[in-house]
Amino acid sequence: MPNTNQASMLMPLVDTLRTQGLNNHDIVRHASLLAAWAWCFRHRPELGLPDPRSRPGITSAMESTSKALMAAGSSLDMAPDFLEMNCIGRAVQDLQDMVAALEWSDAESLVAALARLVEQASGQHTEQLQLPLQLARLIARLGRANGQRVLAAYPMSDLSMALADGATERTYLSASHSALSEALLLISDAMMVTQAHGTFGTTAPQADVVLSVPPMGIRVPDSKGAGKQRARRSEALGLQAAHELATRRAVVLSPAGLLYDTMEYELREALARANTIDMVIQLPGQTLWNTSIPPVLIVLDHQREQEAPITFVDASRLVPDNARQRSKSLQQNSEFWEALSQLVLDSAASPASRQVTKGEIESNDFDLSVNRYVMGVATRKINEVEGARTLSDIAELIRAQTLKGEEEGEDGKLFTEIGGRDIDASGSISIEEPRKELKVAGRTRKRAEQQQLRPGDVLLIGKGSIGRVALVGNDCGDNWVAGQVFLILRTQKHGLVKPEYLYRYLASPMVQQYLEEIASGTGIPILKANDIKNLPVPVPSLEAQGEVADVHYQIMEEYEAIRAHQARIEELSRQNWAI
């Protein structure tokens, strides 16, 4: 009778290997190969692996395993006698007896058990090149591989390949192995094609379904096309190759930057115009091991109906927010993955998803960022504001440029550059020492004068600490200039809104959350110029704006009182044992 607790069946193997002083990588690798031996003896007799019940010796079994891997286009990158040479006492005999007792009801149960083995053996700090089990399973299901030929590209795709239920043929395309790759090749009856990263698109075999997890952030020379060769990111080439190699569907895991990177505009446009983008799923941070960067899943379908909408999903909205679930790692949070699977596989209605036309994507310059289409609470509220004007309608927008000091030149002038650190809690400018001073001349001086500050200017940070806002007061120095992180908003020319009103609107909780929702970027968030220009701003009467300005001055008085209290506290604190 098979053990109903599938994952625990491997633990005796793991415990025995651990007593032999093996490291985590070797424990996972050898336990998986031993499990593959047990499976292949029972379910793949054509491979000729020996019966573990007869205790043929682990070296003999690994020699047969090596031959089976060579026939599959792979190899066993270790000596077949490794375990027998490194195990002492009865360990080798005990391991064979454990292998003889292993039995699983189906291949997926065994694959899942091996995936959990990696997670249990190494934890969140695993060095193994493996996807979390739930994510690998979702990728496999999105591929709809039943009755199809499957191509899995790159090392981290091997688990999804093995979980592709009902595939008629599996090919694993990679330049290297993960700890589980050898076992997964044997268990899933897959062939391996070895090829270097970034070049597989040219000679790799086509397949009905491509499951791809390209390496992230590697610069790869692009040899395709005419003209000068340029370096492109590995994930972009992976997406392009998946599109070219798949005859039906492709699922690609990528950093979110691929959705808006200007260098890959042509790729996104081509995919959208070809009507092959079926779904874009923004996954939360902490989805992958060892990184908090949120990845995305891009699903391509060559058999989509013409003018069919594209589904955008913001999976971060499905993360349970109760205390019990927050204590679980996201990779193993079954409630989250069940909700996401139901949403993307069963087309369940949800505020976390939206159907988008190709025309709307084109109007957004083929930016595929999910937050552009699946609106957050603040975005919906702002879009419902009646009588709003765009920010560019009511204010002059001046984007500050980088200034470099130049001592030479008869017309040299000394400027004080205002940075984000100079904005205090009240939104006023309070220059921290040492202040940043620049002496510039010539054309640099002209640029500096264009971003010179005036009383009533509103400053907005558009990169990094996005949304931080300041109102330049009457104490503005005649040589203050805005640093490169700022956008200067100047309302005086248009005369439609008071500076205090605009400042309070931009500093409001609704707008601050809105700016977070529309920001691009993962490591360093960025507000795009068009998003800032098109920010809806309600424009009431000047009398109504005056009421908002009165509230602003009341708030500033409270901040002044806080500063006075803080100064008094510091004064009292120095009365005893002062230095």
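Everything numeric in this text was worked out from a predicted model, so none of it was measured. Every chain is numbered on its own, with residues counted from 1 as its sequence reads. In keeping with the model being predicted, local features are shown solely for residues with a pLDDT of at least 70 and side-chain atom pairs are shown and tallied solely at 80 or more, while totals for entire chains, interfaces and linings include all residues. As a rule here, side-chain values come from all non-hydrogen atoms in the structure, and water together with hydrogens is ignored.

A.B. asks: Go over the sheet that holds strand 18 (residues 480–482), please, and point to the residues and values.
C.D. replies: If you trace the three strands from one edge of the open sheet to the other, you get 15-14-18, paired in mixed fashion. Two strands in the sheet have a free side with no partner beyond their single neighbour: strand 15 (436–440) and strand 18. In this sheet, adjacent strand axes meet at a mean angle of 45° when their direction is disregarded. Where strand 14 (residues 413–418) meets strand 15, five bridges bridge the pair, whose relative direction is antiparallel. Considered in strand 15, the bridge of Thr416 is made with Glu437. For two strands to count as paired, DSSP must find a minimum of two bridges between them. Numbering goes from the N terminus for both helices and strands, where a helix is a DSSP run of H or I of at least four residues and a strand is a run of E of at least two. Note on geometry: axes are lines fitted to C-alpha atoms, helical ones only across the stretch in contact, with angles between N-to-C directions running from 0 to 180 degrees.

A.B. asks: Could you give me a rundown of the pairing of strand 2 (residues 169–174), with the residues and numbers involved?
C.D. replies: Counting buried positions along strand 2 gives five out of six residues, so the element sits mostly inside the fold. Sheet topology note: the strand 1 (residues 149–153)/strand 2 ladder contains five bridges and is parallel. When the sheet's bridge partners are listed, Ala152 is paired in strand 2 with Tyr172. Think of it like this: strands point away, you trace from the first strand over the helix to the second, and a clockwise trace means the crossover is right-handed. Running through helix 8 (residues 158–163), the crossover from strand 1 to the neighbouring parallel element strand 2 is right-handed. Buried residues are those whose accessible area, probed at 1.4 Å on protein chains only, stays under 20% of the maximum for their type, while exposed residues exceed 50% and partly exposed ones sit between those limits.

A.B. asks: Can you tell me about the environment of Glu517, naming the residues and giving the values?
C.D. replies: Tracing the backbone shows Glu517 in helix 20 (residues 509–518). Sequence-wise, Glu517 and Val374 are 143 residues apart; in three dimensions their C-alpha atoms are separated by 9.6 Å. Every residue pair with non-hydrogen atoms within 4.5 Å of one another is taken to be in contact. With sequence-adjacent residues up to four places away left out, Glu517 is seen in contact with Asn371, Gly376, Val377, Ala378 and Thr379.

A.B. asks: Describe unusual backbone geometry, listing the residues and the values that go with them.
C.D. replies: We note that Arg55 has phi near 50°; this positive angle belongs to a residue other than glycine. Within the element layout of this structure, Arg55 appears in the loop between helix 2 (24–43) and helix 3 (58–71). Relative accessible area serves as the criterion here: at 40%, Arg55 is assigned to the partly exposed category.

A.B. asks: Just give me the short version of the sheet that holds strand 17 (residues 469–471), but keep the residues and values in it.
C.D. replies: Taking strand neighbours across the sheet as the criterion, the four strands line up as 13-19-16-17 in an open arrangement whose pairing is antiparallel. Single-partner strands in this sheet number two, and they are strand 13 (396–399) and strand 17. Each strand axis lies, on average, 20° off the axis of its neighbour in the sheet, ignoring direction. Here strand 16 (residues 458–461) runs beside strand 19 (residues 486–490); their pairing, made up of four bridges, is antiparallel. Bridged to Ile461 within strand 19 is Phe486.

A.B. asks: Lay out helix 11 (residues 234–245) in plain terms, naming residues and giving numbers.
C.D. replies: Counted at 1.5 Å a residue, the expected span for helix 11 with its 12 residues is 16 Å, and the 16 Å between its end C-alpha atoms agrees. Of all 12 residues making up helix 11, 10 are buried, and the element is well covered by its neighbours. Inspection of helix 11 places Ser234, Glu235, Ala236, Leu237, Gly238, Leu239, Gln240, Ala241, Ala242 and Leu245 among the buried residues, and these make up the whole buried set. Residue count minus one, scaled by 1.5 Å, sets the expected span of a helix.

A.B. asks: Describe the pattern of salt bridges, naming the residues involved and giving the relevant values.
C.D. replies: Any carboxyl oxygen of Asp or Glu that lies within 4 Å of a side-chain nitrogen of Lys or Arg is treated as forming a salt bridge with it. By the definition in use, this model includes 27 salt bridges. Residue Asp15 pairs with Arg18 through a salt bridge whose shortest N-O separation is 3.8 Å. Within this pair, Asp15 and its partner Arg18 are both found in helix 1 (residues 11–19), separated by three residues, close to a single helical turn. Take Asp15: its relative accessible area is 40%, and that puts it in the partly exposed class. The class of Arg18 is partly exposed, set by a relative accessible area of 40%. Close ionic contact of Glu571 with Arg568 constitutes a salt bridge, the shortest N to O distance being 3.4 Å. Separated by three residues within a single helix, Glu571 and Arg568 lie in helix 22 (residues 542–573), roughly one turn from each other. A residue is classified by how much of its surface remains accessible, and Glu571, at 41% relative accessible area, is partly exposed. Members of the salt-bridge network, linked through shared partners, are Arg249, Asp278, Asp301 and Arg304.

A.B. asks: Before we move on, could you go through the side chain of Asn479 and cite the residues and values that matter?
C.D. replies: Counting through the fold element by element, Asn479 comes out in the loop between strand 17 and strand 18. Here Asn479 is in contact with Leu414, Phe415, Thr416 and Gln452, once residues within four sequence places are set aside.

A.B. asks: Give me the lowdown on the packing of aromatic side chains, citing residues and values where you can.
C.D. replies: Centres within 6.5 Å are what make two rings of Phe, Tyr or Trp a pair, Trp counting through its six-membered ring; a difference in plane orientation under 30 degrees is then read as stacked, over 60 as edge-to-face, and the rest as tilted. Under the criterion given, the structure shown has three aromatic pairs. Centre to centre, the rings of Tyr265 and Phe366 are 5.8 Å apart; their planes meet at 80°, and the pair counts as edge-to-face. Placement of Tyr265 in helix 12 (residues 265–273) and of Phe366 in the loop between helix 15 (358–363) and helix 16 (377–383) is noted, with a sequence separation of 101 residues between them. Take Tyr265: its relative accessible area is 31%, and that puts it in the partly exposed class. Accessibility expressed as a relative area gives 2% for Phe366, which makes it buried. Considering the side-chain rings of Phe336 and Trp337, the 5.0 Å spacing of their centres and the 75° angle between planes classify their relative orientation as edge-to-face. For the pair Phe336 and Trp337, one class covers both residues: buried.

From the geometry alone we can't say anything about function, so treat these as descriptive.
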